[in-house]
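# Commentary on secondary and tertiary structure
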Amino acid sequence: MQPLLPDSGVLFNCTSPTSPLAAKMAHFGILSRVFSVVFMGSERFPDENGFDAFLKKHGGSDNASTDCEHTVFQFDIQRKYFKEALDRWAQFFIGPLMIQDTIDREVEAVDSEFQLASPSDSSRKELLFGSLARPGHPMGKFFWGNSQTLKIMPKEKNIDTYARLKEFCKRHYSAHYMTLAVQSKETLDTLEAWVKEIFSQIPNNGLPKPDFSDARDPFDTPAFNRLYRVVPVKKVHSLNITWALPPQKQYYRIKPLHYISWLIGHEGKGSILSLLRTKCLALALFGGNGETGFEQNSTYSVFNISITLTDGGYQQFYEVAHIVFQYMKMLQKLGPQERIYREIQKIEDNEFHYQEQTDPIDFVENVCENMQLFKKEDFLTGDQLLFEYKPEVIAAASSLLTPQKANLILLSPNNEGKCMLTEQWFGTSYDVEDVDKYWADTWASDFQLNPALHLPEENKYIATDFTLKSSDCTDTTYPVKVLDNKNGRLWYKKDTKFQIPKGYIRFHLISPYIHKSPENLVLFDLFVNIVAHNLAEPAYEADVAQLEYKLVAEEHGLVVKVKGFNHKLGLLFQLIIDHLAEFATTPDVFGMIVEQLKKSYFNVLIKPEKLGKDIRLLILEHGRWSLMQKHQTLMKGGSTIEALMSFVKNFKSQLFVEGLVQGNFTSQESVEFLNYVVKKLQCKPLAKPGPVQFKVVELPNKPHVCKVRSFNKNDANSEVTVYYQSGPRKVKDYALMELLIMHMEEPCFDFLRTKETLGYHVYPSCRNTSGILGFSITVETQATKFSTELVDKKIEEFLNGFYIKLTTMSQDSFSTQVTALIKLKLCEDTHLGEEVDRNWDEVFTQQYLFDRLNHEIQALKSFTKSDLVNWFNAHQGHKSKKLSIHVIGQGQHEPDLTPADSTCESKFTRGEACQLTFVPVSPQMEHATPINNITAFTSKLKLYPFHKILK
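Presented here is an overview of the structure given in this document. All figures in this text were calculated on a predicted structure; none of them were measured in a lab. (Residues numbered from 1 in each chain as written. Predicted model: local features only at pLDDT ≥ 70, side-chain atom pairs only at ≥ 80, totals over all residues. Heavy atoms only, no water.)

### Here's the deal with the sheet that holds strand S7 (residues 282-288)
What counts is decided by this rule: Pairing between strands is defined by DSSP: at least two bridges between the two strands are required. Numbering of helices and strands starts at the N terminus; helices are DSSP runs of H or I of at least 4 residues and strands are runs of E of at least 2. Here a residue-residue contact requires only that any non-hydrogen atoms of the pair lie within 4.5 Å. Axis definition: a line fit to C-alpha positions, over the contact stretch in the case of helices; interaxial angles, taken between N-to-C directions, run 0 to 180 degrees.
Overall, mixed pairing links the seven strands, which are arranged S7-S8-S6-S9-S5-S11-S10 in an open sheet. Lying at the two open borders of the sheet, with one neighbouring strand each, are S7 and strand S10 (421-422). Pairing analysis gives six bridges linking S7 to strand S8 (residues 301-309), with the strands arranged antiparallel. Along S8, the bridge assignment pairs Phe286 with Ser306. Set on the sheet, helix H6 (residues 121-130) makes contact with strand S5 (227-230), strand S6 (237-245), S8, strand S9 (407-411) and strand S11 (429-433); between it and S9 the angle comes to about 145°. The strands touched by helix H21 (residues 587-605) within the sheet are S6, S7 and S8, with S7 carrying the most contacts at an inclination of about 65°.

### As for the sheet that holds strand S24 (residues 882-888)
Taken in spatial order, the six strands make up an open sheet running S22-S23-S21-S24-S20-S25, and their pairing is mixed. Of all strands in the sheet, those with a lone pairing partner are strand S22 (761-769) and strand S25 (929-930), marking the two edges. Of the pairings in the sheet, the one linking strand S20 (residues 704-709) to S25 comprises two bridges and is parallel in character. Across the sheet, the residue bridging to Val705 is Pro930, located in S25. Against the sheet, helix H27 (residues 788-807) touches S20, strand S21 (717-728), strand S23 (772-782) and S24, its axis set at about 45° to S21.

### Some points on H27
For the record, the criterion: Expected span of a helix, by definition, is 1.5 Å for each gap between consecutive residues, and there is one gap fewer than residues. For every residue, the accessible area obtained with a 1.4 Å probe (protein chains only) is divided by the maximum for its type, and the residue is called buried under 20%, exposed over 50%, and partly exposed between those limits.
Given a rise of 1.5 Å per residue, 20 residues ought to cover 28 Å, and the 29 Å separating the end C-alpha atoms of H27 matches this to within 8%. Listed as buried for H27 are Thr788, Glu789, Val791, Asp792, Lys794, Ile795, Glu796, Phe798, Leu799, Phe802 and Leu806. Check the buried side of H27 and you find it contacts S20, S21, helix H26 (731-755), S23, helix H31 (865-874) and S24.

### Some points on the pattern of salt bridges
It is possible for side chains bearing opposite charge to pair when their charged atoms get close. Just so we agree on the cut-off: We define a salt bridge as a contact between a side-chain nitrogen of Lys or Arg and a carboxyl oxygen of Asp or Glu at a distance within 4 Å.
Counted under the stated rule, the structure contains 49 salt bridges. The partner of Arg339 in a salt bridge is Glu343, and the shortest N-O contact between them spans 4.0 Å. One end of the pair is Arg339 and the other is Glu343, both in helix H14 (residues 338-353) and four residues apart, which spans about a single turn. A relative accessible area of 40% places Arg339 in the partly exposed class. When its relative accessible area of 9% is taken as the criterion, Glu343 is described as buried. When the shortest N-O distance is used, the salt bridge between Glu555 and Arg624 registers 3.2 Å. Here Arg624 lies in the loop between strand S17 (621-622) and helix H23 (627-635) and Glu555 lies in the loop between strand S15 (548-553) and strand S16 (557-565), a separation of 69 residues in the sequence.

### Description of unusual backbone geometry
A positive phi angle, close to 50°, is found at Met98, a residue other than glycine. By the secondary structure assignment, Met98 is in the loop between helix H4 (82-94) and helix H5 (100-117). On the accessibility criterion, Met98 (4% relative accessible area) is buried.

### Some details on the packing of aromatic side chains
As a reminder of what qualifies: When the centres of two rings from Phe, Tyr and Trp lie within 6.5 Å, Trp using its six-membered ring, the rings pair. Their planes under 30 degrees apart give stacked, over 60 give edge-to-face, and anything left gives tilted. A ring is considered to have a charge above it if a Lys NZ or an Arg CZ atom is located within 6 Å of its centre and within 35 degrees of its normal.
Summed over all chains, the structure comprises 54 aromatic pairs. Between the aromatic rings of Phe75 and Trp89, the centroid separation amounts to 5.1 Å while the plane-to-plane angle is 65°, which identifies the pairing as edge-to-face. In this pair, Phe75 sits in strand S3 (residues 70-77) while Trp89 sits in helix H4, placing the two residues 14 residues apart along the sequence. The exposure classification of Phe75 matches that of Trp89, with both residues buried. Grouped by ring-pair contacts, the aromatic residues Phe51, Phe73, Phe75, Phe82, Trp89, Phe92, Phe93, Tyr173, Trp194 and Phe199 constitute a single cluster. The ring of Phe387 carries the charged tip of Arg253 above its face, separated from the ring centre by 4.1 Å. The ring of Phe447 has Lys329 lying over it, and the distance from NZ or CZ to the ring centre is 4.3 Å.

### Here's the deal with the side chain of Ser511
Rules: The definition of a polar contact used here is a pair of N or O atoms within 3.5 Å, where within protein one atom must be able to donate a hydrogen and the other to accept one, and adjacent residues in sequence count solely through side-chain atom pairs.
For Ser511, the position within the fold is in the loop between strand S14 (502-510) and helix H18 (518-536). Taking relative accessible area as the criterion, Ser511 reaches 4% and is therefore assigned buried. Only 3.1 Å separates the side chain of Ser511 from the backbone nitrogen of Tyr513, close enough to count as a polar contact. Leave out the neighbours within four places in its chain, and Ser511 touches His556, Gly557, Phe651, Gln654 and Leu655.

### Things to note about the environment of Lys333
With respect to the helices and strands, the residue Lys333 is situated in helix H13 (residues 317-334). For the pair Lys333 and Lys707, spaced 374 residues apart in the sequence, the C-alpha separation amounts to 61 Å.

### Quick word on the side chain of Thr179
Here Thr179 shows up in strand S4 (residues 178-183). One polar contact links Thr179 to Gln372, side chain to side chain, over a distance of 3.3 Å.

### Focus on H13
In this model, H13 (18 residues) spans 26 Å end to end at C-alpha, consistent with the 26 Å of a helix rising 1.5 Å per residue. Counting buried positions over the 18 residues of H13 gives 14, a clear majority of the element. Positive backbone phi, at 75°, marks Gly335, one or two positions downstream of H13.

Structure, rendered in C-alpha cells:
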C-alpha cells in the first residue's frame, strides 16, 4: 500500500442512484448536494463544524463530490489521530443530525455553487444536452439545485424538502450500497479490526439495489439527431458531435471506446485534426468518453467529439463534420486493427508498470470508485489496462457512430441574435434545426473517403529500454550546479530514491526583451502559440507514448518542460528546440492564432477571479503589463508577421538559459541538453544579468480599495480579495504565515461560508508576490445576494473575532497545530514529480534554497504562541497595509450607477473588453481610500528592492 498524506486516509463511495424516488429528488436539487448536509454534525458529535475543526487541527482535510449514481466522501489526517477521525466520520453515516437550520443555510451554499457554474459553457452545454432526453427520464432532470428548486418551488407545491431529504438518506445511504477504502501504515489486520468495530453500525435497509433496465436509451428521440446552435459565454467557436450508445461499462476489460477515441483524437499524419489544421479549420480536437457519471452510467454511454474551430471552421462547420464522418466510416470499413490495439495496450502497460505514485488520497479515491465498478481482481487495474482484444465488441460500438445517429451542437458568439430559445435554468440562448438537406442526403449515401485520412503509423517514441543508469558523479540529496557560464546554468540531480526509468527536463529561456512593452508580450504569446501549433503533429506520437511536453510563456522567459521515459525523452526535447530554432509560420496560421489569442485573452478577463488577480498584480508589481493591456494591444491590430519575426530574432539574440535535469540521466547527458539549446538557438549572452521577478510597491499603512465592474454584464458573480502586505521577509516569516493560514482555514470557512453563507468559495491564502510576503482572504459571492462592501466588512468582522480566538487559544491547541504543520512538511514525496516541482521552483526564482523545508521546520519548532499573535496583530487593523480588490457582478445588491455605454456593450458582444469601470465606495467603506486610477496611485509609492525569501 502507498503511504497516505499526511499519514492516513479513507474514502467512502455510496451509490446514490437516480431511481424514481431519486429522480423526483433530483428535480428539487437535493440528490446532487446531499453530502454537504451529512457532514454537518452527528448524534454522537453534534458540533456542525466539529469534524472539519478536528481535521485542520491535526493536519488533515476532507472533501466530497457527487455524480449521477455515486457520491464520494474522503478525508486524510495524521496517523496518530486516524482511528478517532474514522469514528467521528462514520457517525455521519450512522446517525447524521441533519438539523433543519443547517439545511436551510446549506441551501444558500448550493445556490452559490449554481451561480458560480452559471457562466460555465461546459455546465450549460451539459444541461442543454440532458434536456434532449425523452420525457420523464432522470437524465432530463435539473441536477444542480438552487434556491428556486430547494426553497421557493417546494414551498409553492407544499413539499417538505427537509422530510424528502431524510427519506432519501434513509433509502440510499445503506451499508450494502457502499464501498470503503482505508489506507494507513497500520497493519492490514489492525485496519480490518477498526473498520469492523467502527462501521458495522451503519444501517442496512435490506432493500434491493435500484434497477435501471427500464431506463436505457434516454436519447432515442427525434430531438436528439438535430443541429443545435448555442450562444456561449466565452468567445469560442466549437462543434460538438455526440452519440448516445448503450452502456459500455461492462466492457471495461476491452475498452472499445478507448480504442476508438485513441484513433479519433490522434493528431499525427492522416488524422482528422491534421487535415483540419492543414485547411485552417480547427485548432484542437478531443474525442471519447470522460467516464463521468453524466457521460457513462447504467442507462447509456456517450461518445463525444469536441472541435475548437477557427473563424473559417465556423463558416464551414458542415465540412468539418463531414471530415469526421469520413474518418469514422474509414474505421468501420477497415475494422479494428490488432496492431493498433496492441500498441495502445503496450503504452498503458508501460505507464502502469513504471507509474509514479499518485497523490495517495487520489489513489484511495480511485480504488474506492473502482470497487463500485469492477470485479475484485480488477480493483487496482480496471480503469487503466486493456486486458482483452475482442474486435467484435469494438466493431459493434464503432458501427453505431453514424451521421444519422449523431447530435450536433455548434457554439459560437456569431449565433448571438439568431437563437430564439432559452434553456430554463442557466438561461442559455439556443436554436434547433434539421441538418441541412444537402449534407443529410450526402451522409445517407455511400459517400467517398478523403484520401488524406489514414491510420497512424508505428510509433517510434514508445520506450523499450528501461535500464536504470549508473551515476557518473557523486550522488547528492539536492540538485548541484554542473555547468555555469555566460550562456547558461544547469542544475542536476540523479534519481536514487524512486528508481524509475523516467526523467524530467526543464529549461527557462530568460530574455530582457519580452517585457519591454505590451506589444512585445503579445508577440511573445503569439510566438509560443504558433510553436505549439507547429509542434502538435510531429510531437503527437511522443505524447501518446506518455512523453509529456509543455511550453509556458512566463513573464521573463520561455519555459520548456518535458517528462517521461528517459529512453526517448531526448528525441522529444531536441524536436522542441529544433522548432524554436527554425521558427516559421504562414499568413493563414498567423491570422488563425491571432484570432484565437484574442478570444483567449477575453475569455480569461470575463472571469471575476481572473480579473481580480490581474488588477491586484497590476497594482503590486511595478513594471508589469496586465492581461487587460495585452488584450487591448492585440485588438488594435498592429501585430504582423514581420513584427513577429523581428521579435523572435531579438528574443534569441540575448538569452540566458537556466535548466534543471532530474531523474534517470547522467550528469554528462544533462550538460548535453543545455549545450544543444545554446548551439541550436545560437544564443548570445545577456548584456547584464536581469532579475526574474518584479519590484513590488510598498502599500501605505492604511486601507485602500479598488472596486471595478465585471466585464460580463450578464454574470452575477462577484469576487472580493482582501490582501494584507507584510514586506520583504525571510523563511522564518513565511513559515509563521503558513501557520497563521492553517489556524485560519477552518474558522474562516465556518464563519464566512457556513454561518454567513456569503458564497461557495471562501479561503485564506499565503501570498508570495515576487518575493514580498502577505496574506489574503477571498470570497466569491453573488450580487443577487450581497454587496462586495458587505462581504469586505464581514471579512474584517471575521478577522477581529479571529484575533480574539488566537489570544485565547490554549498552548496545547497551538502546539498541536505546529506539530501538524511540521508533519506535513516532513511527509515524503510520493513521486519524483513532487521533488522536481519543489526543486524547479528554487531554480525558476533563482533562490536555490533546495533545503527550504528543513529551514521552515526548524523555524516552526522555535515559535511561541505570542509570536503568532504578535505577527497577526502587526499585519491587521486600520493601520495595516491593506488592499481590497472588488470585482462586482450584476445584481440588485450592486446597483449600476454608471451611465449605460452602448459602445462598451457592442465591444463586449464582439469579444473586446472596455477600459475598467471603477465604482465609487459608499459611506459604509469611508475608512478605506478608493483607487480610481491605478497608475496615479502606484506612481506615488515606494518600491521594495528586489528580494528573495532566504534564511
